[in-house]
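Here are the chains, one letter per residue:
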Amino acid sequence: MLRSAVTGRSVAGQVFLLQVVIVLLLVVSAVVAQVLQVRHDSDQEARNRSLAVAQSFANAPGTAAALRAPDPTAVLQPRTEATRKATGVDFVVVMSTDGTRYTHPNTSRIGQQFVGTIAPAVAGGTVVEEVNGTIGPLVQVVVPVRDQAGKVVGLVASGITTAHVGGTADQQLPLLLAAAAAAMALATGGTALVSRRLLRQTHGLGPSEMTRMYEHHDAVLHSVREGVLIVGGGGRLLLANDEAQRLLDLPEDAEQRHVQELGLDDETAGLLASGRVATDEVHLVKDRLLAINQRPTDLRGGPPGSVTTLRDSTELRALSGRAEVARERLNMLYDAGVGIGTSLDVARTAEELAELAVPRFADFVTVDLFDAVLKGEEPKPGTALRRAAFSGVRKDAPLYPMGERIRFVSTSPQARSLTTGQAVVEPVLREAPGWHAQDLERTRQIMAYGIHSLITVPLRAGSLVLGLANFWRSEKPQPFDAEELALAEELVARAAVSIDNARRYTREHSMAVALQRSLLPRSLPDQGALEIAYRYLPAQSGVGGDWFDVLPLSGARVALVVGDVVGHGLHAAATMGRLRTAVHNFSALDLPPDELLGLLDELVGRIDQDETPADGAAVTGATCLYAVYDPVSRRCTIARAGHPPPVLVRPDGEVEFPEVPAGPPLGLGGMPFETVDLELPEGSSLVLYTDGLVEDRDRDIDVGLELLRDALRRTPGASPEETCRTVLDRLPARPSDDVALIVARTRVLGADRVAEWQVPSDPAAVAEVRASVVRQLDDWGLTELSFTTELILSELVTNAIRYGRGPIGVRLLRERTLICEVSDGSTTSPHLRYAASTDEGGRGLFLVAQLADRWGTRYTPNGKIIWAEQPLP
């Protein structure tokens, strides 16, 4: 038997060989590790001994003095030799700081240069190195000798060959090998005993034979149409085949549980737990009558327990199945009445139909609608359909995916259904050539997947055909029949009404939202001062007056504006459009935020006065917040008129609400507006919003502001897009009021992109300014713009000197464009005009306007700035 265990043909033999190999590898690894460790210890001992000898001799009394003696060799040679013999090192060498030996075991080498590294020791350090000397591999150490003042006056080197400190590994190797051989013998003997025991348990079978026996046993057990249960002596279920799982409706984790815990009736559970003999005992288990046979397994010395077989009554199962089908269909129709059309969303209503029918009626359901229906319009026959809903027992079905545009061929069941307006059933898809012609490759994949039967039903709402509903079957082996066709038609008829209602609502709401969105910015302008993301969410119903805008200003500055017209309806949206147009016009004048809000206040007041009371559409007010950010100074100037305050998120994640004077809403009049200046670190985020974000019918605005603060605290370092998503995730999908949100992260125009000069009020200074500007443009790589920039600056600086007053300054900004600015202390603005042929001047600004893309004037508290922009090459 032992010979069989070690041949390797049986499971026991393979286990024996594997264990022997593992033990052998462990023994070899232990021997190698021990030898390496001993050799490592030898090297370390050589280092320590050489270092100790060198340091001891260097610090010994009289060593430093001997180095200063007329003949250091006479004093030190006897001492080094005595030290070498006493400590067992191979050499102790004393040398000067330039490496000349004073001592050496071989006196012929005294006076020669030391072989090794000494520079770190001369600097006061210690050198430890391994070298191959004339006496073999060795470890040598060089240390400095210091006098009483701490100065290095010489060096001491000590070394020892590794062979003189080694040898331990060679001495221990025989003992180690003997121990390894003993361990190998014991392990082999123990493995042989284990393998012998395993050989008895497996009856000498090999792995392939045992695998074949298990596969045959498993195939027979799970393919028979009788339920088989094996219960242990303690009443625990050891095994249940597939049929037993189905007949008894056992839980997935039934095995290894006590039969009393499987949810069976008391009589059946008692029979299984008792283990007694039973022959064709009939038990009612739920809605099945089962014939049970049971025999104990220990009649011939086997393990304690019992084997039970179960047979179902076919006639009772058929009768109960038909009753269950009828009851399920009634439940499905009821659920369709209350579960389809819960929202006025076309796609969601189609999804509700698909989800309801899976898996209760079909294994897969797809809904295809005309694109016009999804947009709220009336369908156009003859156009392609789009897959709007899909539901199935699995997600990998090879049907057309969601969103796919589908044009059905005329022979397909879907095309026939669209043409006739009648449902079509294909009980056996394999025998439906018209369906196969739709897409030969895809239909082959569908057949290979196991889908075998189809019902397609048109979605009809009056005379309109909105699309198709397709019911596919794969898991259920029986094909669709006439009764199921009638059920499918009833389900689809109920869903079609809900889809048409959703379509009509979508059309009306889309028209209102289209009007509202047409008055909002469709894209953000190009600018480099702020990284901006925005969101606009319309209310659940109606049209609101929330709006926002981003306006590039001169000098690389950017204005952010957000507002809200009180009320809802088309009039509010139209007023919002008028206000947005007014802000565009006022911003072109480069007005400060408080002055701009003052002009808006007058405009809203005039709008209210112009409205006639008969139409009942007077504007009762509007709110607005206007902010201007300068990327050069990092200052942001903000003013607001009755609008919620902005939120500032600093780069470290700190969230604060800056104190910006509120001011009255627009249209009330009588009160001036105030501004506040904020200095924003680079990477700060300024969050502007309308009250729909923080105020709701169910909560106060203070609660909303705290929720907003908490949401922003979760986004330290996040991009504006990520911040928008985080903030809006806490809102309902369709808020009760409009929501406008802008998140702007600040950028800084660095000092390397800004150049400034002060100009004396002397016409002769113009040439010097031009030269400085040309040099700066060369440094920026903008030499191509030197000529035009010289012309522009010459005119603007000359005008400032001639007509303005000091101080006069010139500033260049390299941003998305090259911006030239000339400032002076005068508030008189130049005007562009056509000079007469006899005029000596008056052509300068005309020249500037021709050379620059844009130019203009903005006023400051100390005067004005005339600016001109040129595109970068």
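Residues numbered from 1 in each chain as written. Predicted model: local features only at pLDDT ≥ 70, side-chain atom pairs only at ≥ 80, totals over all residues. Heavy atoms only, no water.

Considering the environment of leucine 466
In step 1: Along the chain, the position of leucine 466 falls in strand S15 (residues 464-473).
In step 2: Sequence separation between leucine 466 and aspartate 500 is 34 residues; the distance between their C-alpha atoms is 7.7 Å.
In step 3: Ignoring anything within four residues of it in the chain, the contact list for leucine 466 reads Asp368, Leu369, Phe370, Val373, Pro379, Leu459, Ala461, Ala496, Ile499, Asp500 and Arg503. (Helix = DSSP H or I, 4+ residues; strand = E, 2+ residues; numbered from the N terminus. Contact = heavy atoms within 4.5 Å.)

Some thoughts on the packing of helix H22 (residues 765-779) against helix H23 (residues 786-803)
In step 1: Across the interface, H22 lies against H23 with an axial gap of 10 Å and an inter-helix angle of 145°. Judged by the twist between their axes, the crossing of H22 over H23 is right-handed. Judged by residue contacts, Val766, Arg770, Val773, Val774, Leu777 and Asp778 of H22 engage Ser786, Thr789, Glu790, Leu793, Ser794, Val797, Thr798 and Ile801 from H23. (Axes fitted to C-alpha atoms, helices over the stretch in contact; angles between N-to-C directions. Left-handed = near helix turned anticlockwise from the far one by under 90°.)

Let's talk about the packing of helix H20 (residues 701-713) against helix H21 (residues 720-729)
In step 1: Relative to each other, H20 and H21 sit at 140°, their axes nearing to 9 Å. For the element pair H20 / H21, the angle class is oblique. In the crossing of H20 with H21, the sense of the turn from one axis to the other is right-handed. Here H20 contributes Leu708, Ala711 and Leu712 to the contact with H21, which in turn contributes Thr723, Thr726 and Val727.
In step 2: Each residue belonging to the contact of H20 with H21 can be placed in one class, and the counts come to 4 nonpolar, 2 polar and no charged. (Parallel < 35°, antiparallel > 145°, perpendicular 65-115°, else oblique. Nonpolar A, V, L, I, M, F, W, Y, C, P; charged D, E, K, R; others polar.)

Structural notes on the sheet that holds strand S16 (residues 530-537)
In step 1: Pairing in this open sheet of 5 strands is antiparallel, and the strands run S16-S25-S24-S21-S22 from one edge to the other. The sheet is open, and its two borders are formed by S16 and strand S22 (655-656), each paired with just one other strand.
In step 2: As paired elements, strand S21 (residues 647-649) and strand S24 (residues 685-689) share 3 bridges and run antiparallel to each other. Looking at S24, one finds that valine 649 is bridged to serine 685.
In step 3: The strands that H21 touches are S16 and strand S25 (739-746); relative to S16, the one it contacts most, it runs at about 30°. (Pairing = 2+ DSSP bridges.)

Describing the side chain of serine 417
In step 1: Following the sequence through the fold, serine 417 ends up in helix H14 (residues 413-420).
In step 2: Discounting chain neighbours no more than four positions away, the residues touching serine 417 are Gln422, Ala423, Val424, Thr456, Val457, Pro458 and Leu468.

Quick notes on the pairing of strand S7 (residues 278-285)
In step 1: Bridge count between S7 and strand S8 (residues 288-296): 6 bridges; the pairing is antiparallel. Across the sheet, valine 282 pairs through a bridge with alanine 291, a residue of S8.

Describing a nonpolar patch on the surface
In step 1: On the surface, a cluster of nonpolar side chains totalling about 300 Å² of accessible area is made up of Leu18, Ile22 and Leu26.
In step 2: Within the element layout of this structure, leucine 26 appears in helix H2 (residues 11-58).
In step 3: Relative accessible area serves as the criterion here: at 55%, leucine 26 is assigned to the exposed category. (Patch = residues over 30% accessible without salt bridge, like charges linked within 9 Å, V, L, I, M, F, W, Y side chains within 5 Å. Areas by Shrake-Rupley, 256 points an atom, 1.4 Å probe, with all protein chains shown as cover. Salt bridge = Lys/Arg side-chain N within 4 Å of Asp/Glu carboxyl O. Buried < 20%, exposed > 50% of the residue type's maximum accessible area, 1.4 Å probe, protein only.)

Thoughts on the packing of aromatic side chains
Here a ring pair, both rings aromatic, is described through the centre-centre distance and the interplanar angle of the planes.
In step 1: Scanning the model with the defined rule gives 6 aromatic pairs in all.
In step 2: Ring geometry for phenylalanine 361 versus phenylalanine 471: centroids 5.4 Å apart, planes at 80°, classification edge-to-face. With phenylalanine 361 in the loop between helix H12 (346-357) and strand S10 (364-370) and phenylalanine 471 in strand S15, the pair connects residues that are 110 residues apart, well separated along the chain. Pair check on accessibility: phenylalanine 361 and phenylalanine 471 agree, each one buried.
In step 3: Through pairs of rings, three or more aromatic residues link up here, namely Phe361, Phe471 and Phe480. (Phe/Tyr/Trp six-rings, centres within 6.5 Å; stacked < 30°, edge-to-face > 60°.)

Points about the nonpolar core
In step 1: Leu560, Leu600, Tyr626 and Ile638 are the most contacted members of the largest nonpolar core, which has 52 residues in total.
In step 2: Of all the elements, strand S19 (residues 622-630) adds the most residues to this core, at 7 residues.
In step 3: With residues near it in sequence (within four places) discarded, isoleucine 638 still touches Leu625, Tyr626, Ala627, Pro646, Val660, Glu674, Thr675, Val676, Leu678 and Leu686. (Core = buried A, V, L, I, M, F, W, Y, C linked by side-chain atoms within 4.5 Å.)

Some words on unusual backbone geometry
In step 1: Here valine 358 and proline 359 are connected by a cis peptide whose omega angle stands at -5°.
In step 2: Of note, the bond from glycine 806 into proline 807 is cis; its omega dihedral lies within 30 degrees of zero at -5°.
In step 3: Looking at the secondary structure, you find proline 807 in the loop between H23 and strand S27 (808-814).
In step 4: Within the chain, aspartate 280 stands out as a residue other than glycine whose phi angle is a positive 50°.
In step 5: Given the relative accessible area of 40%, aspartate 280 is considered partly exposed.
In step 6: Residues other than glycine seldom take positive phi values, yet alanine 556 does so here, at roughly 65°.
In step 7: Following the sequence through the fold, alanine 556 ends up in the loop between strand S17 (544-552) and strand S18 (558-568).

Some thoughts on the layout of surface pockets
In step 1: In this model, the largest pocket occupies a volume close to 900 Å³.
In step 2: Forming the walls of the largest pocket are 34 residues, and the residues nearest its centre are Asp630, Arg858, Thr860, Pro861 and Ile865.
In step 3: Counting only elements with at least two residues in the lining of the largest pocket, the list comes to S19, strand S20 (635-641), strand S26 (754-759), S27, strand S28 (817-824), strand S29 (854-860) and strand S30 (863-871).
In step 4: Taken together, the residues of the lining of the largest pocket sort by class into 14 nonpolar, 9 polar and 11 charged. (1 Å grid on protein atoms, 1.4 Å probe; cavity = no way out; pocket = protein on both sides within 12 Å on 5 of 7 lines; lining within 4 Å. Points joined across faces, edges and corners; volume = space filled by probe spheres on them.)

Things to note about the pattern of salt bridges
Pairing is possible between side chains of opposite charge, provided their charged atoms come close.
In step 1: A full pass over the atoms with the stated rule returns 40 salt bridges.
In step 2: Between arginine 634 and glutamate 679 there is a salt bridge, and its shortest N-O distance comes to 3.0 Å. One end of the pair, arginine 634, is in the loop between S19 and S20; the other, glutamate 679, is in strand S23 (residues 676-679), and 45 residues separate them in sequence.
In step 3: We classify arginine 634 as partly exposed; its relative accessible area is 26%.
In step 4: The class of glutamate 679 is partly exposed, set by a relative accessible area of 44%.
In step 5: Arginine 858 is paired through a salt bridge with glutamate 821; the nearest N and O atoms lie 3.1 Å apart. Of this pair, arginine 858 sits in strand S29 while glutamate 821 sits in strand S28, and the two are 37 residues apart along the sequence. With respect to class, arginine 858 is no different from glutamate 821; both count as buried.
In step 6: When salt bridges that share partners are traced, they join Arg348, Glu351, Glu352 and Glu355 into one network.

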